[in-house]
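Next come the chains, spelled out residue by residue.
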Amino acid sequence: MSSHSSSSVVPAARVVSFEEARRLVEQHAAGVCPGEAETVDLLAGLGRVLAEGLVADRDFPPFDRATRDGYAVRAADLTRFPARLEVVGEVKAGDWPDPGVCSVGRGQAVEIMTGAPLPAGADAVVMVEHTSLGDAPAGKSVGKLVEVRRSVSQGENFVPRGAEARAGQLLLDRGRRLEHAGIAIAASAGKSRVQVFGRPRVAVLSTGDEVVEIDAMPGPAQIRNSNSYSLAAQVQNAGGEAVRLAIAPDERGRLRALIEEGLQCDLLLLTGGVSMGKYDLAEQVLGELKAEFYFTGAEIQPGRPVVFGSCGAPRKKYFFGLPGNPVSTMVTFELFARRMIEALAGMTPQRLIFLGARLKSEIRTKTGLKRFLPAVLSGEFENAEVELARWQGSGDIATMARANCYVVIPPDRERIEAGEWVSLMMRCGADLSG
């Protein structure tokens, strides 16, 4: 046993409501600084957080853009039907209609394709479905005539120049995480390279003599280190770089050394060792390291023993102590740790938003805790419904893999009838095909 074994520094218990715990995490997340910025190729920026705002390099669209195949016309020419207009030209996407050659005068029309610039003189596009094309009567000097069977209003079926954005207008804010739509916007603005924040390094430390590495043969009372891998995956999904540490045994000296190693990263996630058991030593070791604890439990299920605090001054290194049961670990990561990782990655704060669906089967539970219970959202269109997954407690990984969301049950409800609307928190990356 290490020389620290005679010391028993245990933080005073501070169990708070879910809302207070979330508020404390958000408060501290607001004060952290993201890593240094770097410039990367546009596709390499996918999933990264912008360290610069992106602005339009020209008007969007850069011209009056047709949104339908048809004919560019003057709306004032379509007051009696059928109306016959002389077709004086054609413009397709990529063409630029020369006003001296291709323009719309009184009683005229220009054939136009979706995405093409509106020719001079036109103020609307009539859809091709409402027209028919024919030859001019014999002896007439005009060529083709188009017969139009319905009216259009000025501005119909085209997007005016600059309607989406003006040159110099901010398109994407600094602090925005780039996803496919953001990639498209950046590409449209000519950004082949983007400036993004560095990924925060997040240490993942599993604790307990019962935990062995996944390629080892577990003893009769041992389990494989699944938490380290699931947390590493969640860290990467949240925008961080996971640093998996060695498994910490239930021995204070080695545990302390690994915690100190983990605190060299931007954030430390411990799993296990934060409950009230005789060998749950993580909080004691953190106390020896002069840690400040913001809460040592939250009134939730699963995940009540979750811990949040920091070590060091003036630059704080934050840590979360997540419960060792796999479902508890996953839930508490989504509720609390994800927010801190996003802040360290430079991301603008995101609200935790719950969705709603009808309950398929009755729920009975106990009052006192806010519950986040694994569930399956099914159905399609407006007929979506949700029911609890049949799980055997917060160690049931197989059920967690089948669940695609959590039903959120308020602490004052002990019975929710089938057919009631309930709040949901979607599981990030869950399969919704079922």
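> Residues and numbers for the packing of aromatic side chains, please.
Scanning the entire structure with this criterion turns up 11 aromatic pairs. Each ring, one from Y294 and one from Y318, has its centre 6.3 Å from the other, and the planes form 40°; the classification is tilted. Note that Y294 is positioned in strand 19 (residues 292-295) and Y318 in strand 23 (residues 317-322), a separation of 24 residues in sequence. You can call Y294 buried: its relative accessible area is 6%. Both rings, one in F295 and one in F308, keep their centres 5.7 Å apart while their planes meet at 45°; by these two values the pair is tilted. Remark: F308 occurs in strand 22 (residues 307-311) and F295 occurs in strand 19; sequence separation between them is 13 residues. By relative accessible area, which is 0% here, F308 ends up buried. A network of ring pairs unites the aromatic residues F18, Y294, F295, F308, Y318, F320, F336, F354 and F372 as a single cluster. When the ring centre of Y229 is taken as origin, the NZ or CZ atom of R244, which lies over that ring, is 4.0 Å away.

> Give a detailed account of helix 4 (residues 252-262), specifying residues and quantitative values.
Since one α-helical turn is 3.6 residues long, residues separated by three or four positions face the same way. The complete set of buried residues in helix 4 reads R252, L255, R256, L258, I259 and G262. Taken down its axis, helix 4 places every buried residue within 170° of arc, on the same side. Check the buried side of helix 4 and you find it contacts strand 14 (201-206), strand 18 (267-271) and helix 5 (282-288). If you check the start of helix 4, you find a side-chain oxygen 2.9 Å away from the backbone N of G253, and it comes from E251.

> Mind laying out the state of the cysteines, listing which residues take part and the relevant values?
By definition, a disulfide links the sulfur atoms of two cysteine residues through a covalent bond. The full count for this structure, using the stated rule, is 0 disulfides. Here C265 is not disulfide-linked; the sulfur of C311 is the nearest cysteine sulfur, at 14 Å. Taking the relative accessible area as the measure of exposure, C265 reaches 5% and is therefore buried.

> Can you explain the packing of helix 3 (residues 226-237) against helix 6 (residues 326-344)? Please cite residues and give values.
A pair of packed helices is characterised by two quantities: the angle between their axes and the separation of those axes. Helix 6 packs onto helix 3 with a crossing angle of 30° between their chain directions and a minimal axis gap of 10 Å. In terms of orientation, helix 3 and helix 6 fall into the roughly parallel class. Considering the relative orientation of helix 3 and helix 6, their crossing is right-handed. Facing helix 3, whose interface residues are S226, N227, S230, L231, Q234, V235 and N237, helix 6 presents P326, T329, M330, F333, E334, R338 and I341. For the contact of helix 3 with helix 6, the class distribution of residues is 6 nonpolar, 6 polar and 2 charged.

> Let's hear about the environment of I259: which residues, and what values?
Tracing the backbone through its elements, the reader meets I259 in helix 4. A sequence separation of 60 residues divides I259 from F319, and the C-alpha atoms of the two residues are 9.7 Å apart. In contact with I259, other than residues within four places in its own chain, are L205, L268, L270, A282, V285, L286 and L289.

> I'd like to hear about unusual backbone geometry, residue by residue, with values.
Of note, the bond from F60 into P61 is cis; its omega dihedral lies within 30 degrees of zero at -10°. A cis geometry characterises the amide bond from F81 onward to P82, with omega recorded as -5°. Looking at where P82 falls in the secondary structure, it is placed in the loop between strand 5 (70-73) and strand 6 (83-91). Here the phi dihedral of N157 falls at roughly 65°; this positive angle occurs in a residue that is not glycine. As for its placement among the helices and strands, N157 is situated in the loop between strand 10 (144-148) and strand 11 (158-159). Look at K290: it is not a glycine, yet its phi comes out positive at around 65°. Position of K290 relative to the elements: it lies in the loop between helix 5 and strand 19.

> Please provide a residue-by-residue account of the pattern of salt bridges, values included.
Overall, the coordinates contain 28 salt bridges when judged by the stated rule. Between E52 and K191 there is a salt bridge whose closest N-O contact spans 3.5 Å. Here the residue E52 occupies a position in the loop between strand 2 (37-41) and strand 3 (54-55), and K191 occupies one in the loop between helix 2 (180-188) and strand 13 (193-197), the gap between them amounting to 139 residues. A relative accessible area of 26% means that K191 is categorised as partly exposed. Taken together, the shared-partner salt bridges connect R252, R256, E260 and E288 into one network.

> Before we move on, can you summarise the nonpolar core with the specific residues and values?
Residues F320, F336 and V386 are the most contacted members of the largest nonpolar core, which totals 53 residues. Broken down by element, the residue count for this core peaks at 11 residues, all from helix 6. Counting 22 residues, the second-largest nonpolar core is a separate cluster that includes V243, A282, L286 and L289.

Reading guide: rules and limits
- Residues numbered from 1 in each chain as written.
- Predicted model: local features only at pLDDT ≥ 70, side-chain atom pairs only at ≥ 80, totals over all residues.
- Heavy atoms only, no water.
- Phe/Tyr/Trp six-rings, centres within 6.5 Å; stacked < 30°, edge-to-face > 60°.
- Helix = DSSP H or I, 4+ residues; strand = E, 2+ residues; numbered from the N terminus.
- Buried < 20%, exposed > 50% of the residue type's maximum accessible area, 1.4 Å probe, protein only.
- Lys NZ or Arg CZ within 6 Å of the ring centre and 35° of its normal.
- Arc of directions from axis to C-beta.
- Contact = heavy atoms within 4.5 Å.
- Polar contact = N/O pair within 3.5 Å; in protein donor to acceptor, adjacent residues only side chain to side chain.
- Disulfide = S-S within 2.5 Å.
- Axes fitted to C-alpha atoms, helices over the stretch in contact; angles between N-to-C directions.
- Parallel < 35°, antiparallel > 145°, perpendicular 65-115°, else oblique.
- Left-handed = near helix turned anticlockwise from the far one by under 90°.
- Nonpolar A, V, L, I, M, F, W, Y, C, P; charged D, E, K, R; others polar.
- Salt bridge = Lys/Arg side-chain N within 4 Å of Asp/Glu carboxyl O.
- Core = buried A, V, L, I, M, F, W, Y, C linked by side-chain atoms within 4.5 Å.

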